[in-house]
Amino acid sequence: MNTLILTKARISSSGLFSKSYISDLKKRDQLWILPLAFAGILAGLIFFLFMLIQNYRAILIMGINTRQPEILMFISGIFSSVLLLFIGTPISLSNIFYSKDNRLIVPLPVSTAEIAASRIITVYLFVLPIHLLINIPAVVLYFSAVEGSISAVGAAISLCLLGPLLPLSLALLSSAALAKAADLSGHRTAFEIAGMGMAIVLLGALQLSFGRSIMGGGDFSRIAKILNDYLIPVRKVLFISDWTASGFVTGGWLYALAGAVSSIAAAAAALLLLKKAVRLNLTDRPENKKRRKSPATKERQIAKHLYRSSAPVKALLRREWSIISSNSTFLFEVSGEVIVLPIMLLVFYFAIPGDFFSTFSEITASLTVLPLLAFGALILFSSINSVSSTSLSREGSMFRLSKALPVSGSMQIKSKLIFHLILFLSSWYLNLIILMVILKLPPIHLLYLIPGGPAVIILIFITNIHIDLSRPVLNWTHPQQAMKQNMNVLIGMGLSILSAGALAAAAAVLYLSGLGILFIGIIVTIIAAAADFMLIGKLFNYADRRYGEINP
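Cut-offs and rules
- Residues numbered from 1 in each chain as written.
- Predicted model: local features only at pLDDT ≥ 70, side-chain atom pairs only at ≥ 80, totals over all residues.
- Heavy atoms only, no water.
- Helix = DSSP H or I, 4+ residues; strand = E, 2+ residues; numbered from the N terminus.
- Buried < 20%, exposed > 50% of the residue type's maximum accessible area, 1.4 Å probe, protein only.
- Contact = heavy atoms within 4.5 Å.
- Areas by Shrake-Rupley, 256 points an atom, 1.4 Å probe, with all protein chains shown as cover.
- Expected span 1.5 Å × (residues − 1).
- Axes fitted to C-alpha atoms, helices over the stretch in contact; angles between N-to-C directions.
- Parallel < 35°, antiparallel > 145°, perpendicular 65-115°, else oblique.
- Left-handed = near helix turned anticlockwise from the far one by under 90°.
- Phe/Tyr/Trp six-rings, centres within 6.5 Å; stacked < 30°, edge-to-face > 60°.
- Salt bridge = Lys/Arg side-chain N within 4 Å of Asp/Glu carboxyl O.
- Core = buried A, V, L, I, M, F, W, Y, C linked by side-chain atoms within 4.5 Å.
- Polar contact = N/O pair within 3.5 Å; in protein donor to acceptor, adjacent residues only side chain to side chain.
- 1 Å grid on protein atoms, 1.4 Å probe; cavity = no way out; pocket = protein on both sides within 12 Å on 5 of 7 lines; lining within 4 Å.
- Points joined across faces, edges and corners; volume = space filled by probe spheres on them.
- Nonpolar A, V, L, I, M, F, W, Y, C, P; charged D, E, K, R; others polar.

Details of the overall build of the protein chain
Here comes step 1: Regarding its fold elements, the protein chain presents 23 helices and zero strands.
Here comes step 2: Every one of the 552 residues in the protein chain was classed for burial, and the buried ones make up 45%.
Here comes step 3: For the protein chain, the share of sequence-separated contacts (at least 6 apart) that also reach a separation of at least 24 residues comes to 82%.
Here comes step 4: Counting every atom, the protein chain has about 27,900 Å² of accessible surface; 70% of that belongs to carbon and sulfur.

Below, the structure is given as structure tokens:
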């Protein structure tokens, strides 16, 4: 009874549409967020289901061609299991090992076994809708194309209700191991976003597998044979999922029963192993737990190293990394801005059908201005970042330590510049390599594309850091206020895009005057480098003055 009460209380207080969250929105007159969030979630679900159903139809056709339509149910079950493993792990971390109300519940007159059971049921109920979202379309498609049977209905019920047990058990054990190995409380958001992002990655993998063949008019029989030959050994290894899928075949009720019993048995074994870990986590007193280093402690250690260091820039670089890695908001935002363009380019390269890509290559090969367009695209994506425009703001109350450090403001800004170059130059050159391959750019244009990277990135850094030096947002209570809700980001992006536009205007004037593409690229790079040379000294002088004026 206590387990059900705790489960109900946990669910009612969690999520976007919980009573506590809605009442908080009412107090702040922000109820308009709910329909906006609902519309966004609905649009995402429609897009996700459209792609999922298209892939499921292709798999079903291939399965029918090999007289094994249950392949669809096997793949949907595996897809769901892998997804639940990645999503279930961060959800387990948040709800079991890093829940804020653990210390409030432990003194209540309920056993730790009941508390643990309620948390595990909660995690199951959280991941069940995702599991159903993946598998119900497959079940509907299967029964619309294949004659159903009693065993198939039983297998469908088993897949929908018992399917999450095995991957969820593995996720619970993984979360217990992660919680024991390291303190991940500061990175829960990153784990959750990464887990949800696996849905897009896995769906993209399906799209890459079948999209090219479908759009390019591939031979389904040949693809079906390859798919079937590949799945035979996989089905033998993942035998529990294979038993559940085999239950959809007429007369396969024994397989369906074996799959259900195996899922329950595997889950029971995993939960027995987990029981002790959950109890220890709930009952451990703070004084008995291993003392973990807080961000402030790390800051003091780095500052201490700075006082006795002969290489202050190296110590300041370590400090920059400690600030970014101090919470998941900073870490995820920075890493996302660095890797987003490479991911887009790689998805474009692999997802486009071969015939279409050949036509695209022929069209781009005829564009003499293509290298300059690639240069412009690299500049534009380098301009859209929030790293330098929030460089001081991210420090928050720790900026007091920056003022007390035995190094000048210009030295601290120099370290931020080097850190920015490390991040975005690596991204620039990775993007450049991908563009060279996709667009087949002549290697001669590397004469300006390679040095153009640091010239442009330094110019963008100078523009953005000047904004944050002028008006840093240091009195924030949540990391999102320092980055995502910081007006300096929008102002910095606007000025960076204007700078990129000025370089584009100079290139357009030179192009209209009849100058060659190669020379235009070199001149634009020289203009950016000259601007860096003129502005960098002024930035350092301004930093020395501002570090003395800012009062956090």
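The structure having been displayed, the exposition proceeds.
Considering helix α17 (residues 370–383)
Here comes step 1: When the terminal C-alpha atoms of α17 are compared, their 20 Å separation across 14 residues agrees well with the 20 Å that a helix rising 1.5 Å per residue should span.
Here comes step 2: Within α17, burial applies to Leu 370, Pro 371, Leu 372, Ala 374, Phe 375, Leu 378, Ile 379, Ser 382 and Ser 383.

Examining helix α7 (residues 150–162)
Here comes step 1: Here α7 is 13 residues long and its end C-alpha atoms lie 17 Å apart, about the 18 Å a rise of 1.5 Å per residue gives.
Here comes step 2: Among all positions in α7, only Ser 151, Ala 152, Ala 155, Ala 156, Ser 158, Leu 159 and Cys 160 are buried.

Details of the packing of helix α20 (residues 446–470) against helix α23 (residues 517–549)
Here comes step 1: Contact geometry of α20 with α23 gives a least axis separation of 8 Å together with a crossing angle of 30°. Looking at the two axes, α20 sits roughly parallel to α23. In this structure, α20 meets α23 at a crossing whose hand is left-handed.

Remarks on the packing of aromatic side chains
Here comes step 1: Counted under the stated rule, the structure contains six aromatic pairs.
Here comes step 2: Aromatic side chains Phe 375 and Trp 428 sit 6.1 Å apart centroid to centroid with 90° between the ring planes, which places their arrangement in the edge-to-face category. Note that Phe 375 is positioned in helix α17 and Trp 428 in helix α19 (residues 409–439), a separation of 53 residues in sequence.
Here comes step 3: With a relative accessible area of 3%, Phe 375 lands in the buried category.
Here comes step 4: Relative to Tyr 547, the ring of Phe 399 lies with its centre 5.2 Å away and its plane at 45°, an arrangement referred to as tilted. Of the two residues, Phe 399 sits in helix α18 (residues 399–404) while Tyr 547 sits in helix α23, which places them 148 residues apart along the sequence.

What about the pattern of salt bridges?
One side chain can pair with another of opposite charge once the charged atoms of both are near each other.
Here comes step 1: On inspection of all chains with the given rule, the structure shows six salt bridges.
Here comes step 2: Of the charged contacts in the structure, one is a salt bridge between Glu 320 and Lys 416, with a shortest N-O distance of 2.7 Å. Here the residue Glu 320 occupies a position in helix α14 (residues 312–324), and Lys 416 occupies one in helix α19, the gap between them amounting to 96 residues. Residue Glu 320 shares its accessibility class with Lys 416, and that shared class is buried.

Here's the deal with the nonpolar core
Here comes step 1: Within the largest apolar cluster, 60 residues are counted, with the highest numbers of intra-cluster contacts made by Phe 375, Leu 392, Ile 413 and Leu 469.
Here comes step 2: Contributions of two or more residues to this core are made by α14, α15 (328–351), α17, α19, α20, α22 (487–512) and α23.
Here comes step 3: Ranked by residue count, the leading element in this core is α19, at 14 residues.
Here comes step 4: Ile 413 has contacts with Leu 392, Phe 461, Ile 465, Leu 469, Leu 539, Phe 540, Ala 543 and Tyr 547, leaving out every residue within four places of it along the chain.
Here comes step 5: Among the nonpolar cores identified, the runner-up in size contains 42 residues, and Tyr 56, Ile 59, Leu 83 and Val 123 belong to it.

A closer look at the side chain of Ser 322
Here comes step 1: Within the secondary structure, Ser 322 sits in helix α14.
Here comes step 2: A polar atom in the side chain of Ser 322 sits 2.7 Å from the backbone oxygen of Arg 319.

Brief notes about the environment of Ile 418
Here comes step 1: Residue placement: Ile 418 occurs in helix α19.
Here comes step 2: In sequence terms Ile 418 and Lys 314 are 104 residues apart; their C-alpha atoms lie 9.9 Å from each other.
Here comes step 3: In this structure Ile 418 touches Val 313 and Leu 317, once residues within four positions along its chain are discounted.

Looking at the side chain of Ser 76
Here comes step 1: Relative to the assigned elements, Ser 76 resides in helix α4 (residues 71–97).
Here comes step 2: Setting aside its immediate chain neighbours within four residues, Ser 76 contacts Tyr 56, Ile 134, Asn 135, Ala 138 and Leu 159.

Concerning empty space enclosed by the protein
Here comes step 1: All told, the structure shown has one cavity of 30 Å³ or more when counted by the stated rule.
Here comes step 2: Of the pockets and cavities examined, the largest cavity occupies roughly 40 Å³.
Here comes step 3: Around the largest cavity, the lining residues are Glu 320, Val 387, Ser 388, Ser 391, Arg 394, Lys 416, Phe 419, His 420 and Phe 461.
Here comes step 4: In terms of residue count, α19 provides more of the lining of the largest cavity than any other element does, three residues in total.
Here comes step 5: Here the lining of the largest cavity is composed, by residue class, of three nonpolar, three polar and three charged.

A word on unusual backbone geometry
Here comes step 1: Positive phi, normally seen in glycine, also occurs at Lys 440, with a value near 55°.
Here comes step 2: Residue position: Lys 440 is located in the loop between α19 and α20.
Here comes step 3: With a relative accessible area of 58%, Lys 440 lands in the exposed category.

Overview of the packing of α22 against α23
Here comes step 1: Where α22 meets α23, the closest approach of the two axes is 10 Å, and the angle between their N-to-C directions is 145°. Of the two elements, α22 crosses α23, and the hand of that crossing is right-handed. Across from Leu 503, Ala 506, Ala 507, Leu 510 and Tyr 511 in α22, the residues of α23 making contact are Ile 517, Ile 520, Ile 523, Val 524, Ile 527 and Ala 528.

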